[in-house]
Amino acid sequence: MGKYPAEAREAVKAAKTLCGDPMALAPISNRRGSAVWKATGPDGAASIKLGTGEACEVTAREASVLDQLPGYTVTAGRYTDGVWLVTPWLAGKSTWGRFQPFRKGDGGRDGALAAAVGLCRAVADLHADGWVHGDLQPQHGVHHKDGTARLLDFAWSRKIGSTPWAAFSGTMIHLTAPELAARIITGPQPVTTTQPADVYALAGTLWTCVTGNWPLHYSAAGLSWQTPLRTRREAIAARAVPLSRASPWPALQNHLRPVLLAEPDDRPTAAELAKLLETVTG
């Protein structure tokens, strides 16, 4: 994933205040100009995110959100080629990881269900504070051993009443609510994300964690991975793509399916979805 850029030394200094010295850096990911490193030292661990090119604005925006969210801390700055932010490392498995034993057929229903409820509660808490996440995915929830969940990746998050970007072209298309896909196509920009669209992505995320595949059955609509993005988005906006028929956990999916099929005003809130999932017994 490349060598850590020496010019981003201020980020290293900020990480050392959390981790102590000596501190080791390990690359985690590097996509579309956004690189994440894990810093580890005698006092703990931290996440360093470096944004370059088009990711500069995205990284700066996420730092601004983290600075406003209760329970999160962030230090941020600029360097020659971009923007950096440092946050304490959130230890734990992702929602995707918590469902892995179930997908492998090794049981794990209790842990997976607890993770599903925990993720819903984390989203509900964010919504109660007046925020929209805007980019919920299977890897964007981290689950602690005490059962609580924390959210990651706030680059497309916004406070209700504000829109901190000039244009929004969507994030993970497989988890984009139909009404949001329609707004992206027809405009006007800037398109604003919504809490009901978050709940759609939340249900889609959990469906994906259960089945191992995205919730939409593209081939049934004559679409494939090679189909242009706009064509797929138009089909999603028109609700022309049916849900997957895979049903390895009917008792859980029976609560997710109505959310994915409902109109925005008919979807439950994240808190209501958490309560529904708490009733799952099979």
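Now for a look at the structure at hand. Throughout this document, residue positions are counted from 1 along each chain, in the order its sequence is written. Local features in this predicted model are restricted to residues of pLDDT 70 or higher, and side-chain atom pairs are both shown and tallied only at a pLDDT of 80 or more, whereas totals for entire chains, interfaces and linings draw on every residue. Only hydrogens and water are set aside; all other atoms, that is, all heavy atoms of the structure, feed into the side-chain values.

A few points about the sheet that holds strand S5 (residues 82–88)
Consideration 1: Pairs of strands are assigned from DSSP output, requiring at least two bridges between the strands. Runs of E in the DSSP output that reach at least two residues are strands. Runs of H or I that reach at least four are helices, and both are numbered from the N terminus. Read across the open sheet, the five strands follow the order S1-S2-S3-S5-S4; overall the sheet is antiparallel. This sheet does not close on itself; its edge strands, each paired only once, are strand S1 (24–31) and strand S4 (75–79). On average, each strand axis in the sheet is tilted by 20° relative to the strand beside it, whichever way the strands run.
Consideration 2: In the sheet, strand S2 (residues 34–41) pairs with strand S3 (residues 44–52) via eight bridges, with the strands oriented antiparallel. Bridge assignment links Thr40 to a residue of S3, and that residue is Ala45.
Consideration 3: Should any heavy atoms of two residues lie within 4.5 Å, those residues are counted as being in contact. An axis is simply a line fitted to the C-alpha atoms; with a helix, the fit covers only the stretch in contact. Between two such axes, the angle follows the N-to-C directions and lies from 0 to 180 degrees. On the sheet, helix H2 (residues 55–68) packs against S2, S3, S4 and S5 and is oriented at approximately 35° with respect to S5.

Describing the packing of helix H5 (residues 109–128) against helix H10 (residues 270–277)
A pair of packed helices is captured by two measures, namely the crossing angle of their axes and the spacing between those axes.
Consideration 1: Direction vectors running N to C along H5 and H10 enclose 160°, while the axes themselves pass 8 Å from each other. Classified by the interaxial angle, the pair formed by H5 and H10 is roughly antiparallel. Considering only the axes of H5 and H10, their crossing is left-handed. Residue-level contacts link Leu113, Ala116, Val117, Cys120, Arg121, Val123, Ala124 and His127 of H5 to Ala270, Ala271, Leu273, Ala274 and Leu277 of H10.
Consideration 2: Lys, Arg, Asp and Glu make up the charged group, whereas Ala, Val, Leu, Ile, Met, Phe, Trp, Tyr, Cys and Pro make up the nonpolar group; the residues left over, Gly among them, are polar. When the residues that make up the contact of H5 with H10 are grouped by side-chain class, the tally is 11 nonpolar, one polar and one charged. If an angle is under 35 degrees, it is roughly parallel; if it is over 145, roughly antiparallel; if it lies from 65 to 115, roughly perpendicular; otherwise it is oblique. Crossing handedness: left-handed means the near helix sits turned counterclockwise from the far one by under a right angle, and right-handed means the same turn made clockwise.

Regarding the layout of surface pockets
Consideration 1: A 1.4 Å probe that fits into a set of points on a 1 Å grid over the protein atoms alone but cannot get out defines a cavity; an open set with protein on both sides within 12 Å along at least five of seven lines defines a pocket, and lining residues are those with an atom within 4 Å of a point. Grid points are joined across faces, edges and corners, and a volume is the space filled by probe spheres set on the points. Taken as a whole, the largest pocket holds about 1,600 Å³ of empty space.
Consideration 2: What lines the largest pocket is a set of 47 residues, and nearest its centre among them are Arg31, Ser34, Lys49, His140 and Asp153.
Consideration 3: The set of elements that each furnish at least two residues to the lining of the largest pocket consists of S1, S2, S3, H2, S5, strand S6 (93–94), strand S8 (141–143) and strand S9 (149–151).
Consideration 4: At seven residues, the largest contribution of residues to the lining of the largest pocket is made by H2.
Consideration 5: Tallied by class, residues from the lining of the largest pocket come to 20 nonpolar, 16 polar and 11 charged.

Here we look at H10
Consideration 1: Whether a residue is buried, partly exposed or exposed follows from its accessible area with a 1.4 Å probe, protein chains only, as a fraction of its type maximum: under 20%, in between, or over 50%, in that order. Buried residues of H10: Ala270, Leu273, Ala274 and Leu277, and no others. Buried residues of H10 fall within an arc of 105° about the axis and therefore sit on the same side.
Consideration 2: On its buried side, H10 packs onto H5, helix H7 (195–211) and helix H9 (250–261). By definition, the arc is the one covered by directions from the helix axis to the C-beta atoms.

Digging into the pattern of salt bridges
Consideration 1: Between Lys or Arg on one side and Asp or Glu on the other, a salt bridge is scored when a side-chain nitrogen of the former is within 4 Å of a carboxyl oxygen of the latter. Inspection of the entire model under this criterion finds nine salt bridges.
Consideration 2: One salt bridge connects Lys16 with Asp21, and the closest N-O pair in it is separated by 3.7 Å.
Consideration 3: We note a salt bridge from Arg267 to Glu179, for which the minimum N-O separation is 2.8 Å. Here Glu179 lies in helix H6 (residues 178–186) and Arg267 lies in the loop between H9 and H10, a separation of 88 residues in the sequence.
Consideration 4: By relative accessible area, Arg267 is classed as buried at 7%.
Consideration 5: For Glu179, a relative accessible area of 13% puts it in the buried group.
Consideration 6: One network of salt bridges, in which partners are shared, links Lys49, Glu62 and Asp153.

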